[in-house]
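# Structure at a glance
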Amino acid sequence: MAPSLAAEPVDAPSSSELAEATYLFTLGKMRADESDYKGAIEAFDRALAIDATDPYAFLEVGRFYSFLAQVSRSPVQRGRYLEEAVEHLGQARELAPTNRDVLRSFGELHIRLAERNPSSLALAQGAFESLRAEDEEDLQVLISLAQIYLWTRDATSAIDVLRDAEALSPGNRMIQSMLVEALLGSGEEQDAATALRSLLRLEPDEIEHRLRLAELLGRAGEHAEAVEVLESSPEPMRDDERLLRLLVRELQLAGESQEARALLERLAPPDGEEADEGFLRLRVAIHGSLLDYETAAADLETLYDAARAAGDASRRRQDAQLLARLEERLGRAARAEDLLRTELDAIDEQDSATAVQLRLALVDLLEREQRIEEAAALLRQGMAGAEVSRRVALGQVLAELLANADRPREAIELLESLAETLDAEAERVDAMAASASAADEASGGATGGASDDEATVPGAGVDEAERARDAAAALRLRQLLVLLDAELWQELLDRLDDVPADDPELVAGVEQLRADALAGSQRIDEALALVTVPRDDSGRLVVSGDERELRTRLAKRVEILFDAGREQDARADLETLAASGDFDNLLFTAQLYQRAELWTDAARWFTAADEAQPDEVPTLFGLGAALERQGEFSASVDVFERLLSLAPAHAPSLNYLGYMFAERGERLDEALPMIRRAVATEPDNGAYVDSLGWVYYQRGELEEALEHLHWATRLVPDDPTVQEHLGDVYRALEQSSRALDAYRRGLALEVDEAQRASLEAKIDALEAQARTEQ
């Protein structure tokens, strides 16, 4: 064993003793080289017993014991050698705390020890941080320190160190790989993707880098780029099943569903073998995006049955919700309802998150079925006995249901009840916190008797109570919005008088609501007085600097002016704002003209915005729509085609351009895939589904048209255009009574004069036809 390494001062050895110690130390190294480890240890121990002042001697002996630990086959002996290494390197660090060789060996040893003793990692980190502080360009130190930070999940520090290492050694594969891990650990996925691209250039044959990069791009919505990364794989890895499955998924998400389906067939199991779950889920997604809901439902039914057979309740319930949606989409609402009710009834804990999800899915279905009372009863049932947060969440859904059913006062009453529940909860939490504080003071601040579950974080009760009060305030604000939507102007004004004025953001919102209520009550000048904007002595709008706040107030002011028929006043302010030439002001001006349906002015300023800052999707979309509304069909098509060349997956543009073609009965072979892609992106967007039904109608494919228009009427039952389209399909199918029902439903909704005339003419024609046939 080595002599004691206590930290007390040691007398300096004489010259003869130094000579003897040097001889013994040299002898120890020679015996170590000859693999006479026992003899080496004896020589080293004798040398250190004579001279315990040389840090390099302790360093060499510590390294020797570390080497013995590496080559030892006996776990017990390995542990003893490591203990000796720790002891000797520790003494070396005490004697020379800033010596780089000592610090490096000390740190490297403690990195090895961290597997057995995690606390060693902190000692290693301290050593390498000291080394870095002295020399920031020691690459090996930076790499070791970064590894420690990664192990301790300090991604931010790891990134900082690795950026320095990257600058010293550009193109270093190890550094790039570690940097990717650090960036992912810190959530900086965009930078991680950039680092992975660099790594992939260095190691193009490394499939893990390629898969990870594609996954990151997919998560960021860059599906086309993910496809490119996967399709550019070297030939040997192109048949890797993981790569193929990921490529199928990214193709589907990039809107290339036909290509995805063709590639998926390569992954299909041989005849007689069952497809695995991953394959079936891919096929469900692809057939869903191809709007082949029947095939998707069949595969999902297989997955649902498999989950049921395996007793996997969680997966079964998730699949039930997806399957119910597909069944409803296929016109089998009763089957969808049965699936949801079966799974909901099977849950013992009705207050669980899963039960709430199923309940809400069933409520949505019942609402689309116009079975409002049943949906409301289901929500009230879920609220009964539920804990406060879930009761409030379900109550908010019920309030929305009532408001949408033109029952605003019931919605308001419910929202107030929920707000009072949250007020009571805040008071309860306050009381508990006060009681705990009093008990703590009485015990002198001791909390040792509390269990882990009972222990409270200081301020936690205050935060919880504050959250409850904020939620109650949000519910009371929602009451005001219900009154606004219902156009109950005086009641809204009365309630606004009771809103507390201590929150600047709330005050601004209340001011806008009050302006809406006054304008709705035809008190226009009072409304305008609430949304004043800065003006010069001549009364002209003042535009300068950051106009965000000005635009917020101006939007409401212009809206009121246009609605009140004071177009000239609105125009004066808008033209002054646009004259600044600022892109945001130009776009804002165009959008306000668009809201007012002044299409020529909207097109003029969208064009100006595009010239100021070209190729912005919102600008081009607004311009294309404005041109179409003006009747400039060819110019509108050019704009939308330009937009889609920049953003091929922009669903609103795909739908708009496709519908334009469908309305005119032109280029229907182009319109259909456009609208199908839009629907695949947003399958529950009623406007897109209506467009799809209409293009099928124009193509003469009436059964397909009927299927999609039926679904559209469920998604947007209050849209007269959808009802008219459905009536047109029934009329083409010579189902006159159903056509009449659809036209009458459309006429009962809010329609403009042109649509009213169209619907009335169609109703008159069918009624005349019926009289003739009688």
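Residues numbered from 1 in each chain as written. Predicted model: local features only at pLDDT ≥ 70, side-chain atom pairs only at ≥ 80, totals over all residues. Heavy atoms only, no water.

## Remarks on the packing of aromatic side chains
One pass over the structure, following the stated rule, counts twelve aromatic pairs. Residues Phe 25 and Phe 44 carry aromatic rings whose centres are separated by 5.2 Å and whose planes lie at 50° to one another, so their mutual orientation is tilted. Taken together, the residues span a long stretch of sequence, with Phe 25 in helix α1 (residues 15-33) and Phe 44 in helix α2 (residues 37-50) at a distance of 19 residues. With respect to burial, Phe 25 and Phe 44 carry one shared label: buried. On the numbers, 6.2 Å between centres and 70° between planes, the contact of Phe 633 with Phe 661 is edge-to-face. Taken together, the residues Phe 633 in helix α32 (residues 633-646) and Phe 661 in helix α33 (residues 651-664) connect sequence positions 28 residues apart. Here the two residues Phe 633 and Phe 661 agree in accessibility, since each one is buried. Of the aromatic side chains, those joined through ring pairs into one cluster are Phe 25, Tyr 37, Phe 44, Phe 64, Tyr 65, Phe 67 and Tyr 81. Positioned above the aromatic ring of Phe 106 is the side chain of Arg 93, whose terminal nitrogen or guanidinium carbon lies 4.8 Å from the ring centre. The ring of Phe 633 is capped by Arg 664, whose NZ or CZ atom sits 3.8 Å from the centre of that ring. (Phe/Tyr/Trp six-rings, centres within 6.5 Å; stacked < 30°, edge-to-face > 60°. Helix = DSSP H or I, 4+ residues; strand = E, 2+ residues; numbered from the N terminus. Buried < 20%, exposed > 50% of the residue type's maximum accessible area, 1.4 Å probe, protein only. Lys NZ or Arg CZ within 6 Å of the ring centre and 35° of its normal.)

## Concerning helix α8 (residues 155-168)
The end-to-end C-alpha distance of α8 is 20 Å, a good match for the 20 Å that 14 residues give at a rise of 1.5 Å each. When α8 is considered as a whole, its buried residues turn out to be Ala 155, Ala 158, Ile 159, Val 161, Leu 162 and Ala 165. Those residues of α8 hidden inside the fold are in contact with α6 (120-134), α7 (139-151) and α9 (173-185). (Expected span 1.5 Å × (residues − 1). Contact = heavy atoms within 4.5 Å.)

## Let's talk about the packing of helix α38 (residues 736-748) against helix α39 (residues 753-773)
Where α38 contacts α39, the axes come no closer than 10 Å and their chain directions differ by 150°. Judged by the angle between their axes, α38 and α39 are roughly antiparallel. Note that α38 runs across α39; the crossing there is left-handed. On α39, the residues touching Ser 736, Ala 739, Leu 740, Tyr 743, Arg 744, Gly 746 and Leu 747 of α38 are Arg 756, Leu 759, Glu 760, Lys 762, Ile 763, Leu 766, Glu 767 and Gln 769. For the contact of α38 with α39, a count of residues per class yields seven nonpolar, three polar and five charged. (Axes fitted to C-alpha atoms, helices over the stretch in contact; angles between N-to-C directions. Parallel < 35°, antiparallel > 145°, perpendicular 65-115°, else oblique. Left-handed = near helix turned anticlockwise from the far one by under 90°. Nonpolar A, V, L, I, M, F, W, Y, C, P; charged D, E, K, R; others polar.)

## As for unusual backbone geometry
Although it is not a glycine, Ser 35 sits at a positive phi angle of roughly 65°. Within the element layout of this structure, Ser 35 appears in the loop between α1 and α2. Its relative accessible area of 47% is what places Ser 35 among the partly exposed residues. Notably, Glu 597 is not glycine yet its phi reads approximately 60°, a positive angle. Structurally, Glu 597 can be placed in the loop between α29 (583-595) and α30 (599-612).

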